[in-house]
Amino acid sequence: MKYALLALLTLSWLSACTVLPEAETVEVYRLHPVTTASSTSTESFPHAVRVTRPLVTDLLAGNRILRLHSDQSLSAYAGARWSNAIPVLWRDWMTDALTQHPAFAQVSSDVDNVAADFELAGTLRNFQIESRDGRSYAIIQFDARLVALSSRTVVAQQRLSASVPVTSNSSAAAVAALSQATESVYKDLVAWLLSTSAN
């Protein structure tokens, strides 16, 4: 009887040890589609442009939705991810938005084996939610460079930035604010590119 009870207790302990924790539910997000791609402007960018992945720090190389706190500590929204690594997410969104814009007739990305006149490159220095004075903002800073591919020289460069308030602490609100900030940077990027083609 004692051995049977011992065997039963051992079996119960082993079965308890083999119970795996439930997998974390992860929400996967994309940036919201561009809403200001079209334009009534008669200006155009008469060159083929190739959009490349931006350079980033290690913190922005992954697919986490990041938050910078007022004490300068960083965290990520739990249970939330971007659909791709941030540099790829940025490149694909900008490529799609510029393709939809009537001023740009020839747009490709660095994954296409297509000839181009210019390369739109740059460094994405900020792409996160930041807490400031008790409020949260989506912060983006992109140092854009326009490179002539025939000579591999930088013909123009511009720092573009945006700050958009976040409406709540949810990951969905963070994505909405970062999407709005991305579109703000995109508008400034288009204006800058069109100004370079006029020079």
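Keep in mind the model is a prediction, meaning the values are calculated, not measured.

(A) Just the overall build of the chain, in detail. A count of helices and strands for the chain gives 3 helices and 8 strands. Listed N to C, the secondary structure of the chain is α-β-β-β-β-α-β-β-β-β-α in terms of helices and strands. In the chain, which comprises 199 residues, the proportion classed as buried is 43%. Counted over contacts in the chain with a minimum sequence separation of 6, partners at least 24 positions apart contribute 69%. Carbon and sulfur atoms provide 53% of the accessible area of the chain, an area that totals close to 11400 Å².

(B) Structural detail: the pairing of strand β8 (residues 153–165). Here strand β7 (residues 135–148) pairs with β8 via 12 bridges, running antiparallel. Across the sheet, A148 pairs through a bridge with T153, a residue of β8. Between β7 and the antiparallel strand that follows it, β8, lie 4 residues; R152 among them carries a positive phi value of about 55°.

(C) Structural detail: the pattern of salt bridges. Overall, the coordinates contain 7 salt bridges when judged by the stated rule. The partner of R132 in a salt bridge is E130, with the nearest N and O atoms 3.0 Å apart. Residue E130 is classed as buried on the basis of its relative accessible area of 9%. Members of the salt-bridge network, linked through shared partners, are R50, E119 and R152.

(D) Representation of the layout of surface pockets. Estimates place the volume of the largest pocket at around 210 Å³. Lining the largest pocket are R30, L31, H32, P33, V34, S83, N84, V88, L89, D92, W93 and D96. Residues of the lining of the largest pocket, tallied by class, amount to 6 nonpolar, 3 polar and 3 charged.

(E) Local environment of the nonpolar core. In terms of nonpolar packing, the biggest core is built from 50 residues, with I65, W82, L120, F127 and L193 touching the most fellow members. Contributions of two or more residues to this core are made by β2 (49–51), β3 (64–68), β4 (74–82), α2 (86–100), β6 (118–132), β7, β8 and α3 (171–198). The element that contributes the greatest number of residues to this core is α3, accounting for 13 residues. The residues touching W82, leaving out its near neighbours within four places in the chain, are V28, Y29, R30, L31, N63, R64, I65, L89, F127, V175 and L178.

(F) Layout of empty space enclosed by the protein. Here the structure, examined in full by the defined rule, presents 1 cavity of 30 Å³ or more. Reported here for the largest cavity is a volume of approximately 40 Å³. What lines the largest cavity is simply V51, T52, P54, W90, M94, L120, A121, G122 and F142. Only α2 and β6 provide two or more residues apiece to the lining of the largest cavity. Broken down by element, the lining of the largest cavity gets its largest block of residues, 3 residues, from β6.

(G) Examining α2 more closely. For α2, which comprises 15 residues, the first-to-last C-alpha distance of 21 Å matches the rise-based estimate of 21 Å (1.5 Å per residue) to within 8%. Burial of α2 is extensive: 11 of the 15 residues sit out of reach of the surface.

(H) Seen up close, unusual backbone geometry. We note that D133 has phi near 50°; this positive angle belongs to a residue other than glycine. Not every positive phi belongs to a glycine, and R152 is a case in point at roughly 55°. Note that R152 resides in the loop between β7 and β8.

Rules behind the numbers
- Residues numbered from 1 in each chain as written.
- Predicted model: local features only at pLDDT ≥ 70, side-chain atom pairs only at ≥ 80, totals over all residues.
- Heavy atoms only, no water.
- Helix = DSSP H or I, 4+ residues; strand = E, 2+ residues; numbered from the N terminus.
- Buried < 20%, exposed > 50% of the residue type's maximum accessible area, 1.4 Å probe, protein only.
- Contact = heavy atoms within 4.5 Å.
- Areas by Shrake-Rupley, 256 points an atom, 1.4 Å probe, with all protein chains shown as cover.
- Pairing = 2+ DSSP bridges.
- Salt bridge = Lys/Arg side-chain N within 4 Å of Asp/Glu carboxyl O.
- 1 Å grid on protein atoms, 1.4 Å probe; cavity = no way out; pocket = protein on both sides within 12 Å on 5 of 7 lines; lining within 4 Å.
- Points joined across faces, edges and corners; volume = space filled by probe spheres on them.
- Nonpolar A, V, L, I, M, F, W, Y, C, P; charged D, E, K, R; others polar.
- Core = buried A, V, L, I, M, F, W, Y, C linked by side-chain atoms within 4.5 Å.
- Expected span 1.5 Å × (residues − 1).

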